[in-house]
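# Observations on the model geometry
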Amino acid sequence: MPNFMLLLHEQPMDHSQFSAEEMQAVIAEYVAWRQKVEADGKFVSAEKLKDEGGRHLVHTDDGLRVTDGPYAEAAEVIGGYFTISADSYDDAVATASECPHLKFGGRIELREVEPTG
Amino acid sequence: MNDVPELNSLIGHLFRHHSGKMAAVLSRTFGVRHIDLIEDGIQDAMIAAMKRWPFTGVPENPSAWLTQVAKNRTIDRLRRETTSQELGDTFDVAIDASQDAQFEGEVVDDQLRMIFACCHPSIPPDSQVALTLKIVGGFSVPEISRSFLASQESVAKLLTRAKSKLRDGDVSLEIPVGDELTTRLSPVLKVLYLMFNEGYAPTAGDEVVRRDLCFEAIRLVGLLTSQKSAHVPKVDALAALFYFHAARFPARVGGDGEMLVLGDQDRSSWDREMIGRGFQHLLASASGDEVTDYHLEAEIASLHATSQDLASTDWRRIIECYDILQSRNYSPVVELNRIVAISRMSGTSQAFPALEKLEESGLLRGYFLFYATKARFLTDLARPREAAISFEKALSLAHNESARNLLTKNMAELTERKI
């Protein structure tokens, strides 16, 4: 089965007014989703990227230019990614569509991974 | 999907309860005058968990993880916002957040110190409940405002005023001993009583949050009874009172979502285990020579808990308890309960004059239960037209959905009777 990556895009936001209950509820939703993916044998891996937005590198006529993220045009960062296995794009979309990230206002970019070898 | 160990570690109110514990532990470590920075550090830790755990999974010991991160974030904030001299050696303080028994015992002590600090006499009484809920209970400002029907702005204002006392160093973190314990316990018990009452009283507000208030009051009174230092008979009396009332939770709502009054409740659905705990505490509460209001209220609740039905209830003793309560501290709400008890023992016509007298006092002008009771009395006395007016009045004052359902149902029954 091919692997698919779920890139979780989000707008950096202020969580200082979230209540303890709300934060726990967010975690519980992700845990439940992940457990379902695992139970279906589709979970491959997941990693969180650091919050600061990273660095943006481009070559310009003046040489290498390194800027701090998040990038002005989007003000969006990739919070992290999940890799899942799925039969097809339809199957992967079905799994990704249940990811709580969407419910909490984030955007998911779904990409099929080119198999190595 | 049945085997979900990670979820199990998040059941109940882990975050809410643990944020209260962390506030207590970190206040002991860094000083309660830094309460704002400590609260921010705790919020940072919970945000970090919310952002991280979806990807990494929940750590094996989530509480220890949160405590460690909260401590580090608090230190970061202290470094940024205070002078290094003031901090002294506090950075070297190790918090062993592993959950061994000794640590848990220390955490209980820390929480007790925090409760006494939040209910310190220098803090205005109307701020004490809000402060205890916020810092010891881990409730958010919107949650407190929902449960007390106060605006978020006024809750925030109460908290700011109260916290300034903690910041100014007027309040030390200690568990009082000897005579001082007795004095300092009174406001603590009062706060827990108000907390429970607010959750229990059928006024209005968010049902779920309100029930949490009751269980938080039970949890905190349990902290007091679990430590020898704060365990005196009146604490048991209050615990008994809470358990007897909480035992009736499952029976309070009927099939149509309407509030069920005592006489209509299915007594078999009362929680026997809680009633048992109530009696354990009631027994322990009898060990001293002081009879507090909590003793009397617990006794009344115990008499209801052991009665098969309204007819076999010991109303004579209940009225006696109400009489003693009223002779100490007159309360119009207690008076209403006393009048209802009289109607049960001697009939509605005997009780009605007292109800009219209570109405003349004007003290319960905005209390829907007064008019609901009056409507019920008038129905019993076959005065349907006046009963209907009282029902209307009650309905106009009741903001709670289940209470409104009950009133609507009673009114419909009245109309049927008229036909």
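See above for the structure.
## Brief notes about the pairing of strand 4 (residues 63-68) of chain A
- Across six bridges, the pairing between strand 3 (residues 55-60) of chain A and strand 4 of chain A is antiparallel. Looking at strand 4 of chain A, one finds that His59 of chain A is bridged to Leu64 of chain A.

## Some details on the environment of Tyr294 of chain B
Residue and element names in this part refer to chain B.
- Within the element layout of this structure, Tyr294 appears in helix 14 (residues 293-305).
- In this structure, the C-alpha to C-alpha distance between Tyr294 and Lys190, residues 104 residues apart in sequence, is 9.8 Å.
- For Tyr294, the residues in contact, after removing those within four places along its chain, are Leu189, Lys190, Tyr193, Lys234, Ala237 and Leu238.

## A short note on the pattern of salt bridges
- Under the defined criterion, the tally for this structure stands at 33 salt bridges over all chains.
- Of the charged contacts in the structure, one is a salt bridge between Lys48 of chain A and Asp51 of chain A, with a shortest N-O distance of 2.9 Å.
- Under the relative-accessibility criterion, Asp51 of chain A is labelled partly exposed at 43%.
- Ionic pairing is found between Lys51 of chain B and Asp51 of chain A, a salt bridge with its closest N-O pair at 3.5 Å.

## So, the packing of helix 3 (residues 35-56) of chain B against helix 4 (residues 62-81) of chain B
Residues and elements named next belong to chain B.
- Running from amino to carboxyl end, helix 3 crosses helix 4 at an angle of 130 degrees, the nearest separation of the two axes being 7 Å. Here helix 3 lies oblique to helix 4, going by the angle between them. As for the relative orientation of helix 3 and helix 4, their crossing is right-handed in sense. Here Leu37, Ile38, Asp40, Gly41, Ile42, Asp44, Ala45, Met46, Ala48, Ala49, Arg52 and Trp53 of helix 3 lie close against helix 4, whose contacting residues are Pro62, Trp65, Leu66, Val69, Ala70, Arg73, Thr74, Arg77, Leu78 and Glu81.
- Residues belonging to the contact of helix 3 with helix 4 are distributed by class as follows: 14 nonpolar, two polar and six charged.

## Thoughts on the side chain of Arg77 of chain B
- Within the secondary structure layout, Arg77 of chain B lies in helix 4.
- Not counting chain neighbours up to four residues away, the residues in contact with Arg77 of chain B comprise Leu37, Asp40, Gly41 and Asp44 of chain B.

## Regarding the sheet that holds strand 6 (residues 107-112) of chain A
Residues and elements named next belong to chain A.
- Here four strands make up an open sheet; going across it, the order is 2-5-1-6 and the pairing antiparallel. Strands at the two margins of the open sheet, each flanked by one partner only, are strand 2 (43-48) and strand 6. Each strand of the sheet is rotated relative to its neighbour by a mean of 20 degrees, with strand direction disregarded.
- Against the sheet, helix 1 (residues 20-39) touches strand 1 (3-10), strand 2 and strand 5 (77-85), its axis set at about 150 degrees to strand 2.
- The sheet strands contacting helix 2 (residues 89-97) are strand 1, strand 5 and strand 6, and the helix crosses strand 6 at an angle near 155 degrees.

Quick notes on the rules
Residues numbered from 1 in each chain as written. Chains lettered and ligands numbered in written order. Predicted model: local features only at pLDDT ≥ 70, side-chain atom pairs only at ≥ 80, totals over all residues. Heavy atoms only, no water. Pairing = 2+ DSSP bridges. Helix = DSSP H or I, 4+ residues; strand = E, 2+ residues; numbered from the N terminus. Contact = heavy atoms within 4.5 Å. Salt bridge = Lys/Arg side-chain N within 4 Å of Asp/Glu carboxyl O. Buried < 20%, exposed > 50% of the residue type's maximum accessible area, 1.4 Å probe, protein only. Axes fitted to C-alpha atoms, helices over the stretch in contact; angles between N-to-C directions. Parallel < 35°, antiparallel > 145°, perpendicular 65-115°, else oblique. Left-handed = near helix turned anticlockwise from the far one by under 90°. Nonpolar A, V, L, I, M, F, W, Y, C, P; charged D, E, K, R; others polar.

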